[in-house]
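Examining the three-dimensional arrangement
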Amino acid sequence: MDYKKAGVDIEAGYRSVELMKEHVKKTMRPEVLGGLGGFSGAFSLSKIKEMEEPVLLSGTDGCGTKVKIAMILEKHDTIGIDAVAMCVNDIACAGGEPLFFLDYIACGRNEPEKIADIVKGVAEGCLQAGAALIGGETAEHPGLMKPEEYDLAGFAVGVCDKKDMITGDDLKEGDVLIGMASSGIHSNGFSLVRQVFNMKREALDTYYDSLGCTLGEALLAPTKIYVKALKSIKDAGVKIKACSHITGGGFYENVPRMLKEGTHAVIRKDSYPIPPVFRMLSEDGDVEEHMMYNTFNMGLGMVLAVDKDDVDRTMDAIRAAGEEPYVVGQIEAGEKGVTLC
């Protein structure tokens with residue numbers, strides 16, 4: 001008896017590391033010390049000495065059951081973008097710059113090429129966020145997971161000067177809400193998605209004119225990373241007063257998190273286009289409207305509040321970063337919460 005016969009292939013682990021190195025190297029920042037393969041990732045904090053009061057921000061998350069669709073379609077090179085996005089978007093909407101990321105892959109069996117594909121997506125997400133991929137772990141769990149199964153999660157650290165943190169403290173009546181378009185479902189609500197749609201490969205490979213792609217392609221579209229768009233707004237001299245990453249819990253859970261007491265967000269549902277995949281979900285699954293907005297992003301991955309005099313500059317800065325913005329509502333005086341009308 002040896003470790004391989006018990007279900008853990010150490011040699012496969014070595015090969016996975018070799019295959020992923022080329023992707024990891026692309027994400028390196030000058031602050032990264034050492035290379036891949038150490039017991040820990042080292043990152044110099046010399047640059048933050050320029051800040052008056054540096055604050056570290058952290059985020060950890062996974063992709064939920066979206067990984068099940070990646071497994072069915074045998075497409076593993078984008079799910080890593082989702083893992084990065086879920087962490088770095090949370091850091092960015094607090095005003096932070098993501099510095100580095102670490103991934104954790106649990107699998108039933110280590111297939112080096114598959115693991116390298118997953119890490120390729122993680123690296124791409126890090127490139128989009130400007131974060132370094134400084135470490136990670138691939139763990140085989142024979143007997144706990146089926147050989148073809150895996151799960152993916154990650155952890156990110158960012159930094160912000162305290163004076164630049166987005167807190168919602170300066171929100172006032174009349175401030176304008178701007179939403180940034182999502183790429184689709186992103187990484188939340190897939191337990192419901194998998195109940196509504198047929199999860200057989202043939203069904204996922206079916207092309208729909210309304211979607212402009214196959215169902216599987218629409219569902220697997222990577223989560224948008226908004227780090228550069230938020231930085232573009234800051235570089236334009238605009239103060240973002242409050243910001244919300246629209247993830248699990250949709251609008252009803254996430255928008256109130258950006259508000260201070262005595263302020264109420266009003267969002268107009270007809271102020272932006274809703275991607276067709278959401279209409280398909282609602283109709284095919286007979287999911288009522290409130291539940292849709294309480295589960296999914298419905299086409300807006302990030303919502304932020306700015307002074308009404310800063311709207312044009314904000315919209316221009318978002319477009320300059322390659323994202324699509326919409327004026328979707330305003331802040332009113334009232335009980336902390338959100339109204340969709």
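The preceding data block contains the structure.
My aim in this report is to walk through the structure given alongside it, one point at a time. Everything numeric in this text was worked out from a predicted model, so none of it was measured.

1. Observations regarding the nonpolar core
The biggest cluster of nonpolar side chains holds 98 residues, and the ones touching the most others in it are Leu219 and Phe251. Those residues within four positions of leucine 219 in sequence are excluded, and the remaining contacts are Lys66, Ile69, Ile185, Phe190, Val193, Phe197, Met199, Leu204 and Val277. Ile48, Phe100, Ile134 and Val157 belong to the second-largest nonpolar core, a separate cluster that totals 9 residues.

2. Remarks on the pairing of strand β13 (residues 325–333)
The pairing of strand β7 (residues 176–181) with β13 spans 5 bridges and is antiparallel. Residue leucine 177 lies in a different strand from β13, and its bridge partner there is glycine 329. In this structure, strand β11 (residues 263–267) lies alongside β13, joined through 5 bridges in antiparallel fashion. Directly across from alanine 265, in β13, lies its bridge partner isoleucine 331.

3. Some remarks on the environment of valine 32
Mapped onto the fold, valine 32 is located in strand β1 (residues 32–33). Classification of valine 32 as buried rests on a relative accessible area of 16%. In this structure, the C-alpha to C-alpha distance between valine 32 and serine 44, residues 12 residues apart in sequence, is 6.3 Å. Beyond its immediate stretch of four places on either side in the chain, valine 32 contacts Ala42, Phe43, Ala132 and Ile134.

4. What to know about the sheet that holds β7
In spatial order, the strands read β10-β12-β7-β13-β11-β14; together these 6 strands make up an open sheet with mixed pairing. In this open sheet, the two edge strands, each paired with only one partner strand, are β10 (242–245) and β14 (337–340). Across the sheet, the mean angle from the axis of one strand to that of its neighbour is 25°, orientation sign disregarded. Contacts from helix α8 (residues 227–235) reach β7, β10 and β12 (300–306) within the one sheet, and its direction differs from that of β12 by about 15°.

5. A word on the pairing of β12
Burial analysis of β12 places 7 of its 7 residues in the buried class, which makes it a mostly covered element. As paired strands, β7 and β12 are joined by 6 bridges and run antiparallel to one another. Paired with leucine 177 across the strands is alanine 305, a residue of β12. Sheet analysis places β10 next to β12, joined by 4 bridges and oriented antiparallel. When the sheet's bridge partners are listed, histidine 245 is paired in β12 with methionine 302.

6. Notes on the sheet that holds strand β5 (residues 132–140)
The 4 strands lie next to each other as β3-β6-β4-β5, forming an open sheet whose pairing is mixed. Two strands bound the open sheet, and with one partner strand each, they are β3 (54–62) and β5. Averaged over all pairs of adjacent strands, the angle between their axes in this sheet comes to 15°, without regard to strand direction. In terms of strand pairing, β3 meets strand β6 (residues 150–161) through 9 bridges, oriented antiparallel. Paired with glycine 62 across the bridge in β6 is alanine 153. Together, β4 (97–107), β5 and β6 form the strand contacts of helix α4 (residues 112–129), whose direction differs from that of β4 by roughly 165°.

7. Looking at the environment of valine 17
Relative to the assigned elements, valine 17 resides in helix α1 (residues 10–25). Linking valine 17 and glutamate 137, residues 120 residues apart in sequence, is a C-alpha distance of 9.8 Å.

Reading guide: rules and limits
- Residues numbered from 1 in each chain as written.
- Predicted model: local features only at pLDDT ≥ 70, side-chain atom pairs only at ≥ 80, totals over all residues.
- Heavy atoms only, no water.
- Core = buried A, V, L, I, M, F, W, Y, C linked by side-chain atoms within 4.5 Å.
- Buried < 20%, exposed > 50% of the residue type's maximum accessible area, 1.4 Å probe, protein only.
- Contact = heavy atoms within 4.5 Å.
- Pairing = 2+ DSSP bridges.
- Helix = DSSP H or I, 4+ residues; strand = E, 2+ residues; numbered from the N terminus.
- Axes fitted to C-alpha atoms, helices over the stretch in contact; angles between N-to-C directions.

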